[in-house]
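Descriptive structure summary
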Amino acid sequence: MTSRSPGGSPDLMFLLSWASHALMAEHAAGLARLGISPRAHCVLLKARPGGLTQRQIGELCGIDKTTMVVTLDQLEGAGLARRLPSPSDRRARLVEVTPEGEKVLDEAQGIAGRIQQDVLATLPEADRAVLLRSISALVGGRLAGGGACGVRPAC
């Protein structure tokens with residue numbers, strides 16, 4: 001499936017959007033058996049090192065404040081994460097991954113890694129590094145701003 005831009009070349013916006021949608025759908029399906037969403041996976045991944053507030057993690061994952069609260073409520077309810085008072089700011093909460101959350105996160109990372117390997121395996125080996133390097137350059141450069149909404153998901 002392709003779309004053409006007015007100049008006749010492949011439509012970059014369509015192609016990146018299609019690829020993103022397909023990858024997110026596959027990621028969501030893979031994580032569903034663990035009982036978490038891609039958003040929850042991102043929160044656990046960013047919280048794993050420790051020391052970050054829920055606001056900081058929300059920014060890193062491109063999640064708005066309300067959605068972040070709902071996501072953390074779900075993670076806490078499942079016993080995968082907990083919120084602790086920040087020692088430096090009584091209004092803030094640090095997010096900590098529980099031992100059970102660590103296990104689920106390890107499995108989720110495995111799922112994400114397998115999906116990435118499977119997708120990249122469809123390309124000739126020489127093109128894989130080029131694709132990743134090129135997309136990284138775009139996201140780290142020209143597309144770093146996150147677009148009109150200013151939000152750039154990290155996962």
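Details of the structure are given in the entry above.
The following refers to the structure shown.

Conventions we followed
- Residues numbered from 1 in each chain as written.
- Predicted model: local features only at pLDDT ≥ 70, side-chain atom pairs only at ≥ 80, totals over all residues.
- Heavy atoms only, no water.
- Disulfide = S-S within 2.5 Å.
- Helix = DSSP H or I, 4+ residues; strand = E, 2+ residues; numbered from the N terminus.
- Buried < 20%, exposed > 50% of the residue type's maximum accessible area, 1.4 Å probe, protein only.
- Arc of directions from axis to C-beta.
- Contact = heavy atoms within 4.5 Å.
- Core = buried A, V, L, I, M, F, W, Y, C linked by side-chain atoms within 4.5 Å.
- 1 Å grid on protein atoms, 1.4 Å probe; cavity = no way out; pocket = protein on both sides within 12 Å on 5 of 7 lines; lining within 4 Å.
- Points joined across faces, edges and corners; volume = space filled by probe spheres on them.
- Nonpolar A, V, L, I, M, F, W, Y, C, P; charged D, E, K, R; others polar.

Time to look at the state of the cysteines. All chains considered together, the criterion is met by 1 disulfide. Two residues, Cys 42 and Cys 61, share a disulfide whose sulfurs are 2.4 Å apart. On the sign convention where negative is left-handed, the bridge of Cys 42 and Cys 61, at about -100° about the S-S bond, is left-handed. Here the residue Cys 42 occupies a position in helix 2 (residues 38-47), and Cys 61 occupies one in helix 3 (residues 54-61), the gap between them amounting to 19 residues.

With that out of the way, let us pick up helix 3. Every buried residue of helix 3 is listed here: Gln 54, Ile 57, Gly 58 and Cys 61. Mapping the buried residues of helix 3 onto a view down its axis gives an arc of 105°, with all of them on the same face. Among the exposed residues of helix 3, those oriented more than 90 degrees off its buried face are Arg 55 and Glu 59. Those residues of helix 3 hidden inside the fold are in contact with helix 2, helix 4 (65-77), strand 1 (81-85) and strand 2 (93-97). After helix 3 finishes, the residue Gly 62 shows a positive phi value of roughly 70°.

Side chains of nonpolar character tend, in soluble globular proteins, to be buried together. Formed by 23 residues in total, the largest nonpolar core has its most connected members in Leu 34, Ile 36, Val 43, Leu 44, Ile 57 and Leu 75. For this core, the elements supplying multiple residues, two or more each, are helix 2, helix 3, helix 4, strand 2 and helix 5 (99-120). Not counting residues up to four positions away in its chain, the partners in contact with Leu 44 are Ile 36, Leu 75, Leu 80, Ala 81, Val 97, Gly 101 and Leu 105.

Turning our attention to the environment of Thr 67. For Thr 67, the location among the structural elements is in helix 4. Note on Thr 67: relative accessible area 24%, which makes it partly exposed. Along the sequence, Thr 67 and Arg 39 sit 28 residues apart, while their C-alpha atoms lie 9.4 Å from each other.

The volume enclosed by the second largest pocket comes to roughly 300 Å³. Lining the second largest pocket we find 14 residues, and of these Thr 53, Gln 54, Arg 55, Lys 65 and Ala 92 sit closest to its centre. Mapped onto the lining of the second largest pocket, the elements with two or more residues apiece are helix 3 and helix 4. In terms of residue count, helix 3 provides more of the lining of the second largest pocket than any other element does, 4 residues in total. Of the residues that constitute the lining of the second largest pocket, the class distribution is 4 nonpolar, 3 polar and 7 charged.

Everything listed here is a matter of geometry and, on its own, says nothing about what the molecule does.
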